[in-house]
Amino acid sequence: MRSQASTLITRWRALDRLHGRIENTMDRRLHEDFGLSLREFQALTMLQEAIDTAHGRLYLQDLAAEIGLSQSATSRLVARLESRALITTSTAAHDRRSVDVHLTSVARETLRRGIPLVHETVRHTVEALADEGWDRDLLGYLRNGRADGVSDTR
């Protein structure tokens, strides 16, 4: 009989593999349909969320933390998005050391079309993994927010 620690590590590894499969599938679909990497798309969604909030700002270090990149890699990502006319940047009026980022109409259209694609890709990938016999509790959590496969309708 396996120890509790061994079971925890086994489940963590399964979660890591599951996450990798979903990420790879999303990355491939976003590249095929929009020419964007998953990290680039995540950056656009994070920027949109920041713009939609009351403060309307997202600092580079916060963006880097959210998408899992270093600050220098995030700076390069922002430069790529700007060169592709998905964002514009300007020196912030409130702090000359900061940069304000604005989504272009191209980025807004990409998000409008891309967000449903990401949702559908995750759903389809989870279904395919279920057909392959992946961990029922992990897949149930992704589908319903609960590991027992019962929908949480609060």
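Structure: above.
A. The arrangement of unusual backbone geometry in detail. If you check the backbone angles, Ala-85 has positive phi at about 60° while not being a glycine. Within the secondary structure, Ala-85 is located in the loop between α4 (71-83) and β1 (87-91). Under the relative-accessibility criterion, Ala-85 is labelled partly exposed at 42%.

B. Expanded view of a negative patch on the surface. Together, Glu-49, Asp-52, Asp-62 and Glu-66 give the surface a local cluster of negative charge. Of all elements in the fold, only α2 (38-52) and α3 (60-67) reach the threshold of two or more residues within the negative patch. Within the fold, Asp-52 resides in helix α2. Overall, the relative accessible area of 56% leaves Asp-52 in the exposed class.

Scoring rules and cut-offs
Residues numbered from 1 in each chain as written. Predicted model: local features only at pLDDT ≥ 70, side-chain atom pairs only at ≥ 80, totals over all residues. Heavy atoms only, no water. Helix = DSSP H or I, 4+ residues; strand = E, 2+ residues; numbered from the N terminus. Buried < 20%, exposed > 50% of the residue type's maximum accessible area, 1.4 Å probe, protein only. Patch = residues over 30% accessible without salt bridge, like charges linked within 9 Å, V, L, I, M, F, W, Y side chains within 5 Å. Areas by Shrake-Rupley, 256 points an atom, 1.4 Å probe, with all protein chains shown as cover. Salt bridge = Lys/Arg side-chain N within 4 Å of Asp/Glu carboxyl O. Lys, Arg positive; Asp, Glu negative; His and termini not counted. Charge placed at Lys NZ, Arg CZ, Asp CG, Glu CD.

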